[in-house]
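Structural characterization, general
Each chain, written out:
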Amino acid sequence: MFIHVALFEIQPKEVGKYRKDSKMWAGYAQKAKGFISYHTMKRYDFKNQYASVYEWKSKADHDSFMNKFHDWLVEKSKAKVKVVGYFNLKKIDRVK
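Residues numbered from 1 in each chain as written. Predicted model: local features only at pLDDT ≥ 70, side-chain atom pairs only at ≥ 80, totals over all residues. Heavy atoms only, no water.

1. A look at the overall build of the protein chain
- Assigned secondary structure in the protein chain consists of two helices and four strands.
- Secondary structure elements of the protein chain occur, N-terminal to C-terminal, as β-α-β-β-α-β.
- Here the protein chain has a C-alpha radius of gyration of 13 Å; the compact-globule value for 96 residues is 12 Å, and the two agree.
- When the backbone C-alpha atoms are referred to their principal axes, the protein chain occupies close to 35 × 30 × 20 Å.
- Every one of the 96 residues in the protein chain was classed for burial, and the buried ones make up 40%.
- Of the contacts formed within the protein chain by residues at least 6 apart in sequence, a portion of 73% connects residues at least 24 apart. (Helix = DSSP H or I, 4+ residues; strand = E, 2+ residues; numbered from the N terminus. Rg over C-alpha atoms; globule rule 2.2 N^0.38 Å. Buried < 20%, exposed > 50% of the residue type's maximum accessible area, 1.4 Å probe, protein only. Contact = heavy atoms within 4.5 Å.)

Here it is as structure tokens:
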């Protein structure tokens, strides 16, 4: 499993737009090969920080989606966000 996290700083007046944008991105991702799930998260103990977390079957599936849709979805997005960082994670162990 491959997980991609985009961490943003978002001013309070932009949060509603960010959440709407996130659902738009997730809607396109949902139709893509290898998509597992999407989560919007607020970072505890950090003011105005939110994360968009995508789970994919493989990095190749993620890369295919990003190559096809990233720039187009950025253009369609309405929220003003500041990128804090991007994190690419690979699952090693899972305990349920």
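2. Notes on the packing of aromatic side chains
- A full pass over the atoms with the stated rule returns nine aromatic pairs.
- Ring centres 5.8 Å apart and planes at 65° place the aromatic pair F8 and Y18 in the edge-to-face group. Pair noted here: F8 is in strand β1 (residues 2-9) and Y18 is in helix α1 (residues 15-30), with a separation of ten residues, a long-range link. In this pair, the class of F8 matches that of Y18, namely buried. (Phe/Tyr/Trp six-rings, centres within 6.5 Å; stacked < 30°, edge-to-face > 60°.)

3. What about α1?
- Counted at 1.5 Å a residue, the expected span for α1 with its 16 residues is 22 Å, and the 22 Å between its end C-alpha atoms agrees.
- On the buried face of α1, the contacting elements are β1, β2 (35-42), β3 (49-56) and α2 (59-76). (Expected span 1.5 Å × (residues − 1).)

4. Some remarks on the pattern of salt bridges
- All chains considered together, the criterion is met by three salt bridges.
- K33 serves as the salt-bridge partner of D61, at 3.0 Å between the closest nitrogen and oxygen. Separated by 28 residues along the polypeptide, D61 in helix α2 and K33 in the loop between α1 and β2 bring together distant segments of the chain.
- Look at D61 and you get buried, because its relative accessible area is 9%.
- Between K59 and D63 there is a salt bridge, with the nearest N and O atoms lying 2.8 Å from each other. Taken together, the residues K59 and D63, both in helix α2 and four residues apart, mark about one turn of the helix. (Salt bridge = Lys/Arg side-chain N within 4 Å of Asp/Glu carboxyl O.)

5. Notes on the layout of surface pockets
- The calculated volume of the largest pocket comes to roughly 340 Å³.
- If you go around the largest pocket, you meet 19 residues; those closest to its centre are F8, W25, V74, S77 and V81.
- Residue composition of the lining of the largest pocket, grouped by class: 13 nonpolar, five polar and one charged. (1 Å grid on protein atoms, 1.4 Å probe; cavity = no way out; pocket = protein on both sides within 12 Å on 5 of 7 lines; lining within 4 Å. Points joined across faces, edges and corners; volume = space filled by probe spheres on them. Nonpolar A, V, L, I, M, F, W, Y, C, P; charged D, E, K, R; others polar.)

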